[in-house]
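Architecture and fold: a report
Okay, here's what each chain looks like letter by letter:
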Amino acid sequence: MADSFNVKTEQVDDIPILLVQGKKIGVPELLDQFFLPHGNWQGTSFGWTTLIWLAHILSEGDHRLNQVEAWVEKRPHTLEISAGESVRALEWSDDRLGIVLDELANVEKWQAFEAELNHRTLRVYDLRPRRVRVDSTTASGYWTVTEDGLFQQGHSKDHRPDLPQLKVMISALDPMGMPVATQVVSGERADDKLYIPAIKQVSASLDEHGLLFVGDCKMAALGTRAFMQNSQDYYLCQLSEVQLPSETLETYLQPVWNGKQALTSIERVNTEGQLEKIAEGYEQNVSLRAEIDNKTITWTERRLIVRSFQYVRASQEGLHNRLAKAQSELLELNEHKQGKRQMQDRTSMQTAAEKILNHYRVAGLLKLNILDESTERHIRAYGDRPARTEIEHMLTLLTEIDDQAVQEAEHWLGWRVYAANQPQDILPLDKAILAYREEYLVERGFGRLKGKPMSLSPMYLQSDERATGLIHLLSIGLRILTLIEHQARQRLADLNQKLSGLYAGNPKRTTDRPTAEAMLQAFKGIYLSVVTLGEQVLYHVTPLSEVQGKILSLLNFPVHIYIQLVNNFPKPTSKMTEP
């Protein structure tokens, strides 16, 4: 009788890295410590159930609950060896994962867990928090709006004002972009009211003051700035027209225009390694007063008046594009064609022209001249009607760019004013502007949340609690990605090296700033194979490539996390190896 033959294959990919990274900062341990599901919870621990689900999300880019059980069923040994716990696919059923989300939605438990996770992460990676970026984003979906629900109509950052949304406030640690505080609020809430609760949560979670909080103009409300000053924290934010009227800005710029105010150059190293001048500006101090908790506080605020060259170029291009579009639309008022209503009087044409100017924000930059031309129209005799001559009045609109007005408008372009209360010797002008320009770090985190890595949008959940729990879960995933990226980049910098082999079609291309996504993608195509021939069992895992070994070294992960999948394989009597 021929020996029985059986082959089983598991797709391993980046799963061991994701699980080891989560374990390194204590995710499963801390989840078990702070979240206690009801007594019917059995089998794989709550912490490892959650982390394995998160590995599925990060590896597959899919947060749907109904996709996880089948995924686990195809990878029992990989997950069991990596987690160190027995794995049964049914423990990742929809119902069980729903319990995970219900637990993670508990805000009190979540904040306690998040604080301890912060302390663990800072200790493991020897991080010294100094700067935190605070910003919000929205997640839209086809939800039902209820009076007190999380999903509401509001200003959409997804450009979908027709869809209900919720809002996510994230405070991220520089320079990594790692979230240290996550808040989920209803979608109609205005951003400016969310900053103080977020800052309070960061301070409580990190148990530290004296941090520099960086945010956009929505963080610049006077009450928010006063709160940070009173809390012995620092702020850096851009002032909008609400906080800084154009009249005040003019007083700042007039000395510059008159040549009486010297400007400091702001430089940074470009992608070619050369020092590049990107902006110029100066600063002055302003005394402020505000009421906080029924007491008056006063402080000196630094106003950083800065002109960005890139912003100037973009603004000039935008201005001239708007002028061209306005002129084109104004000329259409002169068209005479069938079906188009003609302007009958100067007032109507003037009103229509001003509407166009206001729409393109070019009022005062174009000279308008309306001509009322009279022409004779000769009408031949017809029947008993004699020939006659009629006088027709035709309005013509002429436009001309006011060069002097445009030149004056361009004087304003590119200027921004930032507010800061951190002393100049700690945060000089150039470093302040360079710090603010790294605001993309938190935006990049939002891109990861809503894009392929974590696929928050669209969200397939209807429950407020489970939507909150999912966002909390994904914020742990965002930590894992940022830590992988930070560790690799820091190690490359320490070694003064670059990493190659990440770019398809260009294996020699190198980078000293690899993304977590690119490094994890490099592990796609690793398989574990089990060949059973009678009583003989052979195990094989795809050999690691040079670039995969290099990435593991950068992350300070041993190659053993893959080799152990073979070394620790169960005996042939295991159900997995039965024919």
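Let us look at the structure shown here.

Turning to its location among the elements, Gly84 is positioned in the loop between helix H5 (76–83) and helix H6 (94–104). On the accessibility criterion, Gly84 (65% relative accessible area) is exposed. Spatially, the C-alpha atoms of Gly84 and Leu495 are 33 Å apart, while their sequence positions differ by 411 residues.

What follows deals with unusual backbone geometry. For the bond from Asp174 to Pro175, the omega torsion is 0°, close enough to zero to count as cis. One non-glycine residue with positive phi stands out, namely Asn496, at about 55°. Tracing the backbone through its elements, the reader meets Asn496 in the loop between helix H16 (464–495) and strand S13 (499–500). The backbone of Asn556 sits at a positive phi, close to 65°, despite the residue not being glycine. In this fold, Asn556 is placed in the loop between helix H18 (546–554) and helix H19 (560–567). According to the relative accessible area criterion, Asn556 is exposed, its value standing at 60%.

Moving on: the environment of Ile433. With respect to the helices, strands and loops of the structure, Ile433 is situated in helix H14 (residues 429–437). By relative accessible area, which is 3% here, Ile433 ends up buried. Taking the C-alpha atoms as reference, Ile433 lies 8.3 Å from Val306; in sequence the two are 127 residues apart. Ile433 has contacts with Ile266, Leu304, Val306 and Tyr418, leaving out every residue within four places of it along the chain.

The next thing to look at is helix H12 (residues 346–359). In a regular helix each residue adds 1.5 Å, so 14 residues correspond to 20 Å; H12 covers 20 Å between its end C-alpha atoms and thus fits that length. Note on H12: the residue one or two positions beyond its end, Arg361, has a positive phi of about 55°.

One can find Phe5 in strand S1 (residues 5–11). You can call Phe5 exposed: its relative accessible area is 58%. As a C-alpha pair, Phe5 and Glu465 span 460 residues in sequence and 49 Å in three-dimensional space. Not counting the four nearest positions on each side in its chain, Phe5 is found in contact with Val531, Thr532 and Leu533.

As a further point, take the side chain of Ser82. Along the chain, Ser82 turns up in helix H5. Note on Ser82: relative accessible area 10%, which makes it buried. Reaching out from Ser82, the side chain makes a polar contact with the backbone oxygen of Thr78 at a distance of 2.8 Å. With near-sequence residues (within four places) excluded, Ser82 lies in contact with Pro16, Leu19, Trp48, Gln564 and Leu565.

Right, let's talk about the packing of helix H11 (residues 309–331) against H12 for a bit. The contact between H11 and H12 brings their axes to 9 Å, and the two run at 160°. Classed by the angle they form, the pair H11 and H12 counts as roughly antiparallel. As for the relative orientation of H11 and H12, their crossing is right-handed in sense. Facing Ala326, Glu329 and Leu330 of H11, the residues of H12 in contact are Ala353, Ile356 and Leu357. Here the contact of H11 with H12 is built from residues that sort into five nonpolar, no polar and one charged.

Compared with the 26 Å implied by 1.5 Å per residue over 18 residues, the 25 Å span of helix H7 (residues 107–124) between its first and last C-alpha is a close match. Every buried residue of H7 is accounted for by Trp110, Phe113, Glu114, Ala115, Leu117, Asn118, Arg120, Thr121 and Leu122. Looking at the buried residues of H7, the elements they touch are helix H2 (27–34), H6, strand S3 (165–173), strand S4 (178–186), helix H8 (195–206) and H16. The N-terminus of H7 is capped by Asn106, whose side-chain oxygen sits 3.2 Å from the backbone nitrogen of Glu108. With its phi angle positive at about 50°, Asp126 sits one or two positions after the end of H7.

Here we come to a nonpolar patch on the surface. Taken together, the side chains of Phe5, Val7 and Leu533 make up a nonpolar region of the molecular surface, amounting to roughly 290 Å² of accessible area. Mapped onto the secondary structure, Val7 falls in strand S1.

Turning next to the packing of aromatic side chains. Applying the stated rule across the entire model yields eight aromatic pairs. A ring pair is formed by Trp257 and Trp412, whose centres lie 5.3 Å apart and whose planes are at 70°; its orientation type is edge-to-face. Taken together, the residues span a long stretch of sequence, with Trp257 in helix H10 (residues 246–257) and Trp412 in helix H13 (residues 403–412) at a distance of 155 residues. Judged by its relative accessible area of 28%, Trp257 falls in the partly exposed class. Looking at Trp412, the relative accessible area reads 31%, which means it is partly exposed. Relative to Tyr562, the ring of Phe523 lies with its centre 5.7 Å away and its plane at 10°, an arrangement referred to as stacked. Taken together, the residues span a long stretch of sequence, with Phe523 in the loop between helix H17 (516–521) and strand S15 (527–533) and Tyr562 in helix H19 at a distance of 39 residues. We note that Phe523, like Tyr562, is buried. Among the aromatic side chains, those forming a connected cluster through ring pairs are Phe35, Trp41, Phe46, Trp110 and Phe113. Above the face of the Tyr311 ring, Arg416 is positioned so that its terminal group lies 3.9 Å from the ring centre.

Rules of the game
- Residues numbered from 1 in each chain as written.
- Predicted model: local features only at pLDDT ≥ 70, side-chain atom pairs only at ≥ 80, totals over all residues.
- Heavy atoms only, no water.
- Helix = DSSP H or I, 4+ residues; strand = E, 2+ residues; numbered from the N terminus.
- Buried < 20%, exposed > 50% of the residue type's maximum accessible area, 1.4 Å probe, protein only.
- Contact = heavy atoms within 4.5 Å.
- Expected span 1.5 Å × (residues − 1).
- Polar contact = N/O pair within 3.5 Å; in protein donor to acceptor, adjacent residues only side chain to side chain.
- Axes fitted to C-alpha atoms, helices over the stretch in contact; angles between N-to-C directions.
- Parallel < 35°, antiparallel > 145°, perpendicular 65-115°, else oblique.
- Left-handed = near helix turned anticlockwise from the far one by under 90°.
- Nonpolar A, V, L, I, M, F, W, Y, C, P; charged D, E, K, R; others polar.
- Patch = residues over 30% accessible without salt bridge, like charges linked within 9 Å, V, L, I, M, F, W, Y side chains within 5 Å.
- Areas by Shrake-Rupley, 256 points an atom, 1.4 Å probe, with all protein chains shown as cover.
- Salt bridge = Lys/Arg side-chain N within 4 Å of Asp/Glu carboxyl O.
- Phe/Tyr/Trp six-rings, centres within 6.5 Å; stacked < 30°, edge-to-face > 60°.
- Lys NZ or Arg CZ within 6 Å of the ring centre and 35° of its normal.

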